[in-house]
Structure formats: C-alpha cells, structure tokens
Amino acid sequence: MDIHKDTHTAVILDCWEEQLGSITFENKPSEYHKLRNLVNKQKGRRKAIYGLEDIHHYGRNLSLYLLDKREEVREINSALSYMERMSYPTTKKSDDWDAKCVASVLIRRLNELPQATPNDLFWTMKMIVRRRNAIVRSISNLTNQMHDQLKDHYPSYRKFFNDVTCKTSLAFYEAFPSPKQRCNNRRTSQILASSKP
C-alpha cells in the first residue's frame with residue numbers, strides 16, 4: 001500500500017507478481033472495509049499479507065484496524081520501496097506504481113520484513129517531541145524578529161542587555177519601543193520594578 005494523508009492506494013499482487021486489482025480509498029476507519037472486501041474477493045484460498053510503508057503516522061490507524069481483524073501486516077522500509085522504484089529503466093511516479101513497488105518488496109523480502117507493531121507509547125512520544133520542536137522553532141523565529149526590530153531603533157541594543165529576552169529588557173523595550181517615545185517616569189519605574197526577580 002502507498003500511504004498518504006488523505007487517501008491510501010493498494011495494489012494486490014499474487015506470488016508471481018501478477019496484479020489482481022487495485023483500490024484507492026480515503027484515510028478514515030469507515031472506508032477500511034473496502035480494502036478488506038476487495039482482498040477477500042481476490043485472494044480465494046490464498047493467504048493475504050498486507051505491506052505498509054508507514055505504520056506510525058498516516059498508516060497507523062489502518063495498521064491497527066488490520067491487526068484488530070487478525071490480518072498479517074508487515075512494515076516496509078521506505079528505502080526498500082525507493083530502491084525498487086529506481087531499479088526500473090524508466091521511473092514512473094503514481095500512487096498505483098508506488099503501491100506496486102511496495103507489494104513487490106513485500107513478496108521478495110517477506111522473511112526479512114518485521115511484523116507491524118504500532119506502539120502507542122512511541123507514537124505519543126513522537127508527537128510530543130514534534131510539538132516541542134515546533135514550539136522551539138517558533139520561539140527562535142520570534143526572537144530573531146525581535147532582534148531585527150531592535151536594530152532599527154536601538155543600533156547598539158546589545159550593550160544595554162546581554163539577554164534581550166529577560167524580564168527587565170522586555171519591560172524596558174515595552175516602555176520605550178523607540179528612543180523618541182517616552183512614557184512617564186512613574187509608569188517606567190513600576191514596570192522595571194515589577195520585572196525584578
């Protein structure tokens with residue numbers, strides 16, 4: 001199967017790599033039965049084995065669904081399917097072709113491929129780490145924007161404060177956004193006093 005955010009594409013191959021069918025369905029649990037129905041219709045007495053490139057992100061729900069139905073699911077490393085795609089003299093790029101490459105890898109390397117075991121703990125940790133990295137990038141971008149703004153109004157601003165994100169410097173720059181703009185001294189002293197640790 002070729003896994004995507006919105007849709008999945010599956011190609012059914014027999015053990016001689018003859019294509020028996022293909023299907024594209026939406027990535028939502030109410031659509032997963034369409035895949036199983038097609039596979040059950042095509043397999044006859046043969047055993048069905050599902051190969052998914054991604055069992056931890058977009059393919060996680062599908063792999064859990066198939067495992068819940070007691071189907072055999074194998075995890076295909078995307079590097080293997082990429083090598084399969086590039087082994088042809090002319091490279092094609094379509095969802096059907098990508099799914100066929102995944103199926104070919106599944107047939108040829110079945111004994112080497114690991115069983116799909118999506119782990120909720122690892123998935124949760126991955127999501128938390130990804131969210132943290134996004135927050136760190138946002139903070140970094142905002143800090144850089146602040147440096148750019150300060151250069152315009154205070155060219156030697158680094159001499160005032162070593163750390164422009166400390167409470168005192170933030171309070172100072174809030175009270176004096178530019179050297180020309182002044183607020184009353186009492187308000188400034190209140191802001192600076194409240195920012196002291």
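Just so it is clear, the structure is predicted and the values come from calculations on it, not from any experiment.

Visitor: It is not clear to me how the layout of surface pockets should be interpreted in this structure. Could you clarify?
Guide: Here the idea is plain: a probe the size of a water molecule rolls over the atoms and shows the empty space left. In this structure, the largest pocket spans a volume of roughly 540 Å³. Lining the largest pocket are 23 residues, and of these Leu13, Lys47, Ala48, Ile49 and Leu106 sit closest to its centre. Those elements that place two or more of their residues in the lining of the largest pocket are β2 (7–13), α1 (32–43), β4 (49–52) and α4 (95–108). Here the residues of the lining of the largest pocket are counted per class, giving 17 nonpolar, two polar and four charged.

Visitor: Is there a simple way to explain the nonpolar core in this structure?
Guide: Looking at soluble globular proteins, one finds that nonpolar side chains tend to be buried together. Membership of the largest hydrophobic core comes to 19 residues, with the highest contact counts inside it found for Met1, Phe25, Leu35, Tyr50, Leu52, Leu62 and Leu66. When residues of this core are traced back to their parent elements, those giving at least two are β2, β3 (19–26), α1, β4 and α2 (60–68). At four residues, the largest contribution of residues to this core is made by α1. Filtering out sequence-adjacent residues up to four positions away, Met1 remains in contact with Thr9, Ala10, Phe25, Leu35, Tyr50, Gly51, Leu52, Glu53, Leu62, Leu66, Ala99 and Val102. In this structure, Leu150, Phe161, Tyr173 and Ala175 belong to the second largest nonpolar core, which totals nine residues.

Visitor: What exactly am I supposed to notice about the sheet that holds β3 here?
Guide: To summarise the sheet geometry, strands pair through backbone hydrogen bonds and adopt either a parallel or an antiparallel arrangement. Overall, antiparallel pairing links the three strands, which are arranged β1-β2-β3 in an open sheet. Of all the strands in the sheet, just β1 (2–3) and β3 have a single pairing partner and so form its edges. Here two bridges tie β1 to β2, and the two strands are oriented antiparallel to one another. Looking at the pairing, Asp2 lines up with Thr9 of β2. Contacts from α4 reach β1, β2 and β3, with the element oriented near 50 degrees to β2.

Visitor: Is there a simple way to explain the pairing of strand β5 (residues 72–75) in this structure?
Guide: Each regular strand displays side chains that alternate between the two surfaces of the sheet. Taken together, the four bridges between β4 and β5 define a ladder with parallel strand orientation. Bridge pairing in β5 links Tyr50 to Val73. For the crossover that starts at β4, traverses α2 and ends in the parallel β5, the hand is right-handed.

Visitor: What is the right way to look at the pattern of salt bridges in this model?
Guide: Opposite charge on two side chains permits them to pair, given that their charged atoms come into close proximity. In this structure the tally under the stated criterion is nine salt bridges. Ionic pairing is found between Arg109 and Glu112, a salt bridge with its closest N-O pair at 3.5 Å. One salt-bridge network, held together by shared partners, links Glu17, Glu84 and Arg108.

Visitor: Which parts of the structure should I look at to understand the side chain of Thr9?
Guide: Mapped onto the elements, Thr9 comes out in strand β2. Among the residues examined, Thr9 registers a relative accessible area of 0% and is labelled buried. There is a polar contact of 3.2 Å between the side chain of Thr9 and the side chain of Thr24. Setting aside residues no more than four positions away along its own chain, Thr9 makes contact with Met1, Asp2, Ile23, Thr24, Asp95, Asp96 and Ala99.

What counts, and at which threshold
Residues numbered from 1 in each chain as written. Predicted model: local features only at pLDDT ≥ 70, side-chain atom pairs only at ≥ 80, totals over all residues. Heavy atoms only, no water. 1 Å grid on protein atoms, 1.4 Å probe; cavity = no way out; pocket = protein on both sides within 12 Å on 5 of 7 lines; lining within 4 Å. Points joined across faces, edges and corners; volume = space filled by probe spheres on them. Helix = DSSP H or I, 4+ residues; strand = E, 2+ residues; numbered from the N terminus. Nonpolar A, V, L, I, M, F, W, Y, C, P; charged D, E, K, R; others polar. Core = buried A, V, L, I, M, F, W, Y, C linked by side-chain atoms within 4.5 Å. Buried < 20%, exposed > 50% of the residue type's maximum accessible area, 1.4 Å probe, protein only. Contact = heavy atoms within 4.5 Å. Pairing = 2+ DSSP bridges. Axes fitted to C-alpha atoms, helices over the stretch in contact; angles between N-to-C directions. Right-handed = clockwise from strand over helix to strand, strands pointing away. Salt bridge = Lys/Arg side-chain N within 4 Å of Asp/Glu carboxyl O. Polar contact = N/O pair within 3.5 Å; in protein donor to acceptor, adjacent residues only side chain to side chain.

Spatial relationships are all this shows, so hold off on functional conclusions.
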